[in-house]
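In case you want the letters, here they are:
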Amino acid sequence: MSRIPKTSAFHSRAQLLPKYVIYLLVPLFIWMSCVTITGMGRELCVSMIPRGFVAAYNTAVLPTRIRSVREAPANRPVKKPHNPPPRLVDGPNTHIPWLIVGGGIHGVHIAARLIGEGGINASSIRIIDTNKSLLQTWKSRTAATGMEYLRSSAGFHLDVDERSLRQFGGSTSKKKRKKKTDNVNIRTLKRNDAFSNDYERPRLAMFNEHCDSVVTKYHLDQLHVQGTVTSMEPSPNHVTVEVMRGGPPNYDFGGTEQDMRKETHSYSYTAQNVILALGNDVPTYADWVTDEDIEEGFVHHLLDFDPNTHSPRNHNREMSVRNERTFDEDVAVIGGGITAAHKALELVRHSAAKQGQTTSATRNSRRIHLISRHPIKEQQFDTHQDWMMDLAACQRIRDGGGEGRPQRQERFAGCSCWKERRSMIAQERVAGTVTPALYRGEQGLGWAIEGGEVDWHQAEVLTKRYVHETDTVNGHDHKRMELTLSCGNVITVDEVLLATGFGKKRPGGALINNLVETFGLRVSDFCGFPIVDEHLSWDNSRIYVAGALAELELGPSARNIAGARLAAERILQAAHELRP
C-alpha cells in the first residue's frame, strides 16, 4: 500500500483535509435538506455556517429537492391494509351505492380503483358477472389463444399503483432488467422470465397471478355476485337493476350448497350508481360456417367462451389434452392478427414437443395451415401510445415542461361530430397485426413459415365440403373438411380454428337496446354507441360506461387494458364529485 511521503508535513495534512471537510459537510447538507423542506430552522442554518456553503446549497441542492417534491404524484395511493368487508347477505331488494356489471378486466380494475384510490368502502360495491369467478372469461380466452406474453407493457394492469406489476414480477426499471438479463440464453429467458425484452411485456401466467393478487388485496371476490342482469330502469336518484342469479359461495341464501347451485333467484338492486363494463361484441364467424360445423366439432372460435365449460364453445380438442389419435390431425387457423399468430405458434411448439417423444417409426407429418386475407403486418401496439396516456401521465409531462395531453387526444376531445370521432377511431385502431417479437427470430411466425412448419395462405375460404378418408394404419374411416381457397389451393383438415376477433356492433344486446329505446338514453346516429360526458356518465342517468361502450369519449384504446385505466380515472373523478 502506497503512503504519502514524509518530506512535507504540510503536504500530508493537505491531502487529508478534504476528507475532514466531507465528513462535516455531508451530515450538514442532509440536515439542511430536512429542515428546509419542512420549513423549520432555515434561519438557524444560515446563522451557523459560512455564506459560501449556504449559497452552494441554495444553488445546487435546494431546487432539486423542491422539484422532486412538486413532481411527486399527488394521487399516489397510501399503502394501508384493506380490511375485508363483513359477510355480505343480499336480500330480494338491496340498496347499494355502486353496482358494476361485468367482472372482466375493466370491471375488476374500476372496483379496485374505487376502493384503493377512491376510498369507497368495499361493502358499498357489488360486481355482477355470469361466471363463477372474476376474470374467468379473460383467463379462458387468453389460454385458448396460446398466448405467452401480453401485447401491452408492464405499466398496464389492474392494480392502482402503476409500478405494481413491475414490483410483482421483480422488475423495477429497464436498467435493472438489462443488468439482470446479461449473459442469459435467449431461449431460457423466453421460457422463464416474467417480462419480455421488448417494452417489458408481462408473461401471461405472471399477469394472471398479479390479477389474482389484486382481487385478493381488495377482497373483490367477496363482492362478486354470480348472475345476469335482465333489466335496468334509471331514475333521477338511482337505478333499479334486476338480476337473475344463483348463490355463489360468499353469499348466504339458505339451503344446501347443492340447492344453491341448482336454483336461480331473481333479485332487485337499487343502485345509486351503475357501471357497465360489458366487454366486446360477440365473436365473428365466417359466412361459410354452419351450425353443423360447430356442433360436430370441426370449427371452433377461439374467443367464443362457454361459461358452462370454461372453454371456447364446443372446443373439445384443446391442445393441452390432445390424445394420440388427434395428435396427427391437420389444423387450419383462420385470421391474420395476433390471436392467429399466437395459436399457430402454440401448435408448432406442441407438435415439436410431441414429436420429440415419439419414434421415427410412429412419427407422422402434421400440417398447420394459416389463412389470412391480407399480408402479415407488423405493429407493436394496435393503437398509438398517445391514446393510452391517462390524465395523471399527462400532468406529469406538463409539470416537466412538456405539452401535457397528446395532440391526438386533444383533437379527439375537441371534435363534436360523432361520425368524425368514429372515423378517427377506425383510422387509429389498426386491427389484424402482429408484434415484431412474435413474427421475427427463430421462434417467430416468419421463421416457422419459412421453415415449413406453418403453411401460410393469403386467401379467403370460398367453399367447404366434408370428405371421408380411410386411415392406412388402422383402416378406420375419418370425416374431414376440405377447404377451397381463393388463392387456388385446396386443403383438407381435421379442425378449423377461427381467430377472427369480435364484431363491431354495440355490445350489451337487449339490455342496452332497452335503455336506448325505452328510456331514451342518447346514442350516436352513425354507430349507435352511447354519447357520454367526460366522466363517462350516460345522459346524467347515474349509469357509467367502460370498455367498448366508452369509445366515443375515450378513443381507440377504450377496449384495451389501458382503456380500463382511462375509464377508471374518469369515473373516479365523478365519485369524488358525488361525495357530500
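Calculation rules
- Residues numbered from 1 in each chain as written.
- Predicted model: local features only at pLDDT ≥ 70, side-chain atom pairs only at ≥ 80, totals over all residues.
- Heavy atoms only, no water.
- Helix = DSSP H or I, 4+ residues; strand = E, 2+ residues; numbered from the N terminus.
- Buried < 20%, exposed > 50% of the residue type's maximum accessible area, 1.4 Å probe, protein only.
- Pairing = 2+ DSSP bridges.
- 1 Å grid on protein atoms, 1.4 Å probe; cavity = no way out; pocket = protein on both sides within 12 Å on 5 of 7 lines; lining within 4 Å.
- Points joined across faces, edges and corners; volume = space filled by probe spheres on them.
- Expected span 1.5 Å × (residues − 1).
- Contact = heavy atoms within 4.5 Å.
- Phe/Tyr/Trp six-rings, centres within 6.5 Å; stacked < 30°, edge-to-face > 60°.
- Lys NZ or Arg CZ within 6 Å of the ring centre and 35° of its normal.
- Axes fitted to C-alpha atoms, helices over the stretch in contact; angles between N-to-C directions.
- Parallel < 35°, antiparallel > 145°, perpendicular 65-115°, else oblique.
- Nonpolar A, V, L, I, M, F, W, Y, C, P; charged D, E, K, R; others polar.
- Salt bridge = Lys/Arg side-chain N within 4 Å of Asp/Glu carboxyl O.
- pLDDT = per-residue confidence, 0-100.

J.: What should I look at first to understand the overall build of the protein in this one?
T.: Scanning the protein from N- to C-terminus turns up 22 helices and 18 strands. For the protein, with 580 residues in total, the buried portion stands at 48%.

J.: Even after reading the chapter, I still don't get the pairing of strand β16 (residues 490-493), so can you show me in this structure?
T.: Regular strands place their side chains on alternate faces of the sheet. The two faces of β16 differ: I491 and V493 on one face are buried, but V490 and T492 on the other face are not. In terms of strand pairing, strand β15 (residues 477-485) meets β16 through four bridges, oriented antiparallel. Bridge pairing in β16 links L483 to I491. Here β15 folds back onto β16, and the loop between the two strands holds four residues, one of which, G488, carries a positive phi near 105 degrees.

J.: Mind showing me how you'd approach empty space enclosed by the protein here?
T.: Using a probe with the size of a water molecule, rolled over the atoms, empty space left in the structure can be pinpointed. In total, this model carries one cavity of 30 Å³ or more according to the counting rule given. In this structure, the largest cavity occupies an estimated 110 Å³ of space. W387, M389, L391, R405, Q409, F412, E553, L554, L566, E569 and R570 are the residues that line the largest cavity. Take the lining of the largest cavity: its biggest share by element is three residues, from helix α22 (residues 561-578).

J.: I keep staring at helix α5 (residues 105-116) and nothing clicks. Help me out?
T.: Since the α-helix advances by 3.6 residues per turn, residues separated by three or four positions end up pointing in the same direction. Taking 1.5 Å per residue, 12 residues should reach 16 Å; α5 reaches 16 Å between its end C-alpha atoms and fits that length. When you tally the buried positions in α5, you get 12 out of 12 residues, the bulk of the element. Among the residues of α5, I105, H106, G107, V108, H109, I110, A111, A112, R113, L114, I115 and G116 are the ones counted as buried. Where α5 is buried, its residues touch β1 (93-101), β2 (125-129), α6 (136-145), α10 (204-217), β5 (265-276) and α22.

J.: In this structure, what is going on with the environment of H265? I would like to understand it.
T.: Structurally, H265 can be placed in strand β5. According to the relative accessible area criterion, H265 is buried, its value standing at 16%. Sequence separation of H265 and R245 is 20 residues, and the distance between their C-alpha atoms is 5.0 Å.

J.: Before we go on, may I ask you to explain the packing of aromatic side chains in this structure?
T.: Ring pairs (aromatic) are described by centroid distance and by the angle formed between their planes. Applying the stated criterion across every chain yields a total of five aromatic pairs. Each ring, one from W98 and one from Y544, has its centre 6.1 Å from the other, and the planes form 35 degrees; the classification is tilted. A residue pair is termed long-range when its members are at least 10 positions apart, and W98 in strand β1 and Y544 in strand β18 (residues 543-545) qualify at 446 residues. Across the pair, Y544 and W98 agree in class, each one buried. Sitting over the face of the ring of F412, R421 holds its NZ or CZ atom 4.9 Å from the ring centroid.

J.: For this particular structure, what's the right way to read the packing of α6 against α10?
T.: In a packed pair of helices, the relevant descriptors are the angle between the two axes and the axis-to-axis distance. Where α6 meets α10, the axes come as close as 12 Å, and the angle between the chain directions of the two elements is 175 degrees. Classified by the angle their axes make, α6 and α10 are roughly antiparallel. In this structure, α6 contributes W138, K139 and T142 to the contact, and α10 contributes L204, F207, N208 and D212. Among the residues making up the contact of α6 with α10, the classes are represented as three nonpolar, two polar and two charged.

J.: Sorry, what's going on with the pattern of salt bridges here?
T.: Should the charged atoms of two oppositely charged side chains come close, the side chains can pair. Tallied over the full model, the rule gives 26 salt bridges. The salt bridge involving R421 is made with E553; its shortest N-O contact spans 3.6 Å. With R421 in helix α17 (residues 418-428) and E553 in helix α21 (residues 551-554), the pair connects residues that are 132 residues apart, well separated along the chain. In this structure, R421 and E553 share a single accessibility class: buried. For R480, the salt bridge is made with D494, and the minimal N-O distance between the two is 3.0 Å. Within this pair, whereas R480 is found in strand β15, its partner D494 is found in the loop between β16 and β17 (495-498), the two being separated by 14 residues in sequence. Assigned by exposure class, R480 and D494 land together as buried. Each of the salt bridges in this network shares a partner with another, and the network as a whole consists of D330, E469, R480 and D494.

J.: In this structure, what is going on with the confidence of the model for the protein? I would like to understand it.
T.: Caution is warranted with low-pLDDT regions, since their predicted coordinates should not be read in detail. Residues of the protein with pLDDT of at least 70 account for 72%, and the chain-wide mean is 80. The model gives residues 1-17 a pLDDT under 50, and that stretch makes three contacts with residues more than four places away or in other chains. Counted against residues more than four places away or in other chains, residues 315-327, with its pLDDT under 50, gives 26 contacts.

J.: Quick question: what am I supposed to make of the sheet that holds β17 here?
T.: Within a sheet, neighbouring strands are paired by backbone hydrogen bonds and run either parallel or antiparallel to one another. Within the open sheet, the five strands sit side by side as β6-β17-β9-β10-β13. Their pairing is parallel. The sheet is open, and its two edges are formed by β6 (299-301) and β13 (455-458), each paired on a single side. In this sheet, neighbouring strand axes are inclined to one another by 20 degrees on average, regardless of whether the strands run parallel or antiparallel.

J.: Honestly, the environment of R422 in this entry has me stumped. Any pointers?
T.: Among the structural elements, R422 can be located in helix α17. For the pair R422 and F412, spaced 10 residues apart in sequence, the C-alpha to C-alpha distance is 9.8 Å.

J.: In this structure, what is going on with the sheet that holds strand β14 (residues 461-470)? I would like to understand it.
T.: If you trace the three strands from one edge of the open sheet to the other, you get β14-β15-β16, paired in antiparallel fashion. On the outer flanks of this sheet lie β14 and β16, each paired with one strand and no other. This sheet shows a mean twist of 25 degrees between the axes of neighbouring strands, independent of strand direction. Pairing geometry for β14 and β15, over nine bridges, is antiparallel. Opposite T470, over in β15, you have D477 as the bridge partner.

J.: Would you explain the pairing of strand β9 (residues 331-334) in this entry?
T.: Burial along β9 is two-sided: V331 and V333 facing one way and A332 and I334 facing the other are all buried. One ladder, built from four bridges, connects β9 with strand β10 (residues 368-372); its direction is parallel. Residue V331 lies in a different strand from β10, and its bridge partner there is I368. As paired elements, β9 and β17 share four bridges and run parallel to each other. When the sheet's bridge partners are listed, A332 is paired in β17 with V496.

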